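Architecture and fold: a report
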Amino acid sequence: MDLTLPFEPILFGIKWNMHLILEYLAFFIAFRYYVFSRKRSTDAISSNNRLTIIIGAIFGALLLSRLVAFLEEPLVHYQQGWMVLMNNKTIMGGLFGGLLGVELAKRIIGEKQSSGDLFTLPIVLGIIIGRIGCFLAGTKEFTYGKETSFFMGMDLGDGLSRHPIALYEVLFLIVLFVFLKRVKTRAQALESGMLFKIFMILYFSFRFFIEFLKPNTFFVLGLSSIQILCLICLLYYYKTIRQGIAYAYQRLHLL
């Protein structure tokens, strides 16, 4: 079997789009993990309100994932037409759009409890699976890096040695998953919703810096649309970041 990228094996006479398969698999496994986690925990949010929150997250994610993807290369995507626009999406827009959708849904139904912690680990697991699919898609998806002579440079399908951005992200997310799981297990007195906040802050910070390794062509103030979104997200969580810095300083001072 040919293992060159993009990896699209032919089985039973059919060419299999591994990126699409793994994307659907990511949704399925992440949702089953969420259901499993909810059964093993005490959820302060009722089933009806939880369903409303999930619906809010879905619509927010659908809208902003496509808007941010369009803003990565607006002139190119505008010329490609509506069908391409509807198919283009980015996880960054999906995450932040989902967050805004959840907050709107909670405001409408009057739900005061934090709702993100149960979603956190399933989301990370889903992104890991999805990013493996992005890697296998090679240069057919805009998840590859600039040309490089770095020892981790790889031919992703166009004959050039490039940063395998998707693999870097997979490695980071695996470490993040382990870290968050340990935080969830050990920090019994962790404030409700804090696990999700930690995930968003660390992941969006990582994505801000990794974007410098991507061959972006459209910039605003020298930054890509993803990087601007990352800054917006970090600004959204500025109180949590400030609390974290104060806590770290206090711990260092005690040492």
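A brief report on the enclosed structure follows.

What counts, and where the lines are drawn
- Residues numbered from 1 in each chain as written.
- Predicted model: local features only at pLDDT ≥ 70, side-chain atom pairs only at ≥ 80, totals over all residues.
- Heavy atoms only, no water.
- Helix = DSSP H or I, 4+ residues; strand = E, 2+ residues; numbered from the N terminus.
- Rg over C-alpha atoms; globule rule 2.2 N^0.38 Å.
- Buried < 20%, exposed > 50% of the residue type's maximum accessible area, 1.4 Å probe, protein only.
- Contact = heavy atoms within 4.5 Å.
- Areas by Shrake-Rupley, 256 points an atom, 1.4 Å probe, with all protein chains shown as cover.
- Lys, Arg positive; Asp, Glu negative; His and termini not counted.
- Charge placed at Lys NZ, Arg CZ, Asp CG, Glu CD.
- Axes fitted to C-alpha atoms, helices over the stretch in contact; angles between N-to-C directions.
- Parallel < 35°, antiparallel > 145°, perpendicular 65-115°, else oblique.
- Left-handed = near helix turned anticlockwise from the far one by under 90°.
- Nonpolar A, V, L, I, M, F, W, Y, C, P; charged D, E, K, R; others polar.
- Phe/Tyr/Trp six-rings, centres within 6.5 Å; stacked < 30°, edge-to-face > 60°.
- 1 Å grid on protein atoms, 1.4 Å probe; cavity = no way out; pocket = protein on both sides within 12 Å on 5 of 7 lines; lining within 4 Å.
- Points joined across faces, edges and corners; volume = space filled by probe spheres on them.
- Salt bridge = Lys/Arg side-chain N within 4 Å of Asp/Glu carboxyl O.

**A closer look at the overall build of the chain**
A tally of regular secondary structure across the chain gives ten helices and four strands. When the helices and strands of the chain are listed from N to C terminus, the series reads β-β-α-α-α-α-α-α-β-β-α-α-α-α. On C-alpha atoms alone, the chain measures out to a radius of gyration of 19 Å, which is about the 18 Å that the 2.2 N^0.38 rule sets for 255 residues. By principal-axis analysis of the C-alpha atoms, the chain measures approximately 50 × 45 × 35 Å. Looking at the chain as a whole, 42% of its 255 residues are labelled buried. By sequence separation, contacts in the chain at least 24 residues apart represent 66% of the contacts at least 6 residues apart. Total accessible area on the chain stands at roughly 15,300 Å², and carbon and sulfur atoms take up 67% of it. Taken as two groups, the 25 positive and 16 negative side-chain charges of the chain have centres that lie 11 Å from each other.

**Description of the packing of helix α8 (residues 194–210) against helix α9 (residues 225–236)**
At a closest axis distance of 9 Å, the pairing of α8 and α9 adopts a crossing angle of 150°. Classified by the angle between their axes, α8 and α9 sit roughly antiparallel to one another. For α8 against α9, the interelement crossing comes out left-handed. Between α8, through Met200, Ile201, Phe204, Ser205, Arg207 and Phe208, and α9, the contact on the second element is made entirely by Ile226, Gln227, Leu229, Cys230, Leu231, Cys233 and Leu234.

**Thoughts on the packing of helix α6 (residues 117–136) against α8**
Between two packed helices, what matters for the description is the angle formed by their axes and the separation of those axes. In contact at an axis separation of 7 Å, α6 and α8 are set at 30° when each is read in the N-to-C sense. Relative to α8, the element α6 lies roughly parallel. You can see that α6 and α8 cross each other, and the crossing is left-handed. Across the interface between the two elements, Asp117, Thr120, Ile123, Val124, Ile127 and Arg131 of α6 pack against Met194, Leu195, Phe196, Phe199, Tyr203 and Arg207 of α8. Partitioned by chemical class, the residues of the contact of α6 with α8 number eight nonpolar, one polar and three charged.

**Structural notes on the packing of aromatic side chains**
Overall, the coordinates contain 13 aromatic pairs when judged by the stated rule. Here Tyr34 and Phe119 contribute two aromatic rings whose centre-to-centre distance is 5.0 Å and whose plane-to-plane angle is 15°, an arrangement assigned as stacked. In this pair, Tyr34 is assigned in helix α1 (residues 18–39) and Phe119 in helix α6, connecting sequence segments 85 residues apart. Neither residue differs from the other here; Tyr34 and Phe119 are each classed as buried. A centroid spacing of 5.9 Å and a plane angle of 85° characterise the contact between Phe96 and Tyr236, whose relative ring orientation is edge-to-face. With Phe96 in helix α5 (residues 91–109) and Tyr236 in helix α9, the pair connects residues that are 140 residues apart, well separated along the chain. Taken together, the ring pairs in this structure connect Phe196, Phe199, Tyr203 and Phe204 into an aromatic cluster.

**Here we look at the layout of surface pockets**
Rolled over the atoms, a probe as big as a water molecule pinpoints where empty space is left. Counted as a void, the second largest pocket has a volume near 480 Å³. If you trace the second largest pocket, you find 20 residues lining it, with Thr42, Asp117, Leu118, Ser192 and Gly193 closest to the centre. By residue class, the composition of the lining of the second largest pocket is six nonpolar, nine polar and five charged.

**Things to note about the pattern of salt bridges**
Counted according to the given criterion, the structure contains eight salt bridges. Notably, a salt bridge pairs Lys140 with Glu8, separated by 3.0 Å at the nearest N-O pair. Of this pair, Lys140 sits in the loop between α6 and β3 (154–155) while Glu8 is found in the segment before β1 (10–11), placing the two residues 132 residues apart along the sequence. Residue classification places Glu8 among the partly exposed positions, given a relative accessible area of 23%. Salt-bridge contacts for Glu169 lead to Arg207; the nearest nitrogen and oxygen are separated by 3.7 Å. Residue Glu169 is found in helix α7 (residues 165–186), and its partner Arg207 is found in helix α8; the two are separated by 38 residues along the sequence. Exposure class is identical for Glu169 and Arg207. Each is buried.

**A closer look at empty space enclosed by the protein**
Taken as a whole, this structure holds one cavity of 30 Å³ or more when the rule is applied. Of the volumes computed, that of the largest cavity is approximately 40 Å³. Every residue lining the largest cavity is listed: Cys134, Phe135, Gly138, Thr143, Tyr144, Leu156, Pro164, Ile165 and Ala166. Grouping the constituent residues of the lining of the largest cavity by class yields seven nonpolar, two polar and no charged.

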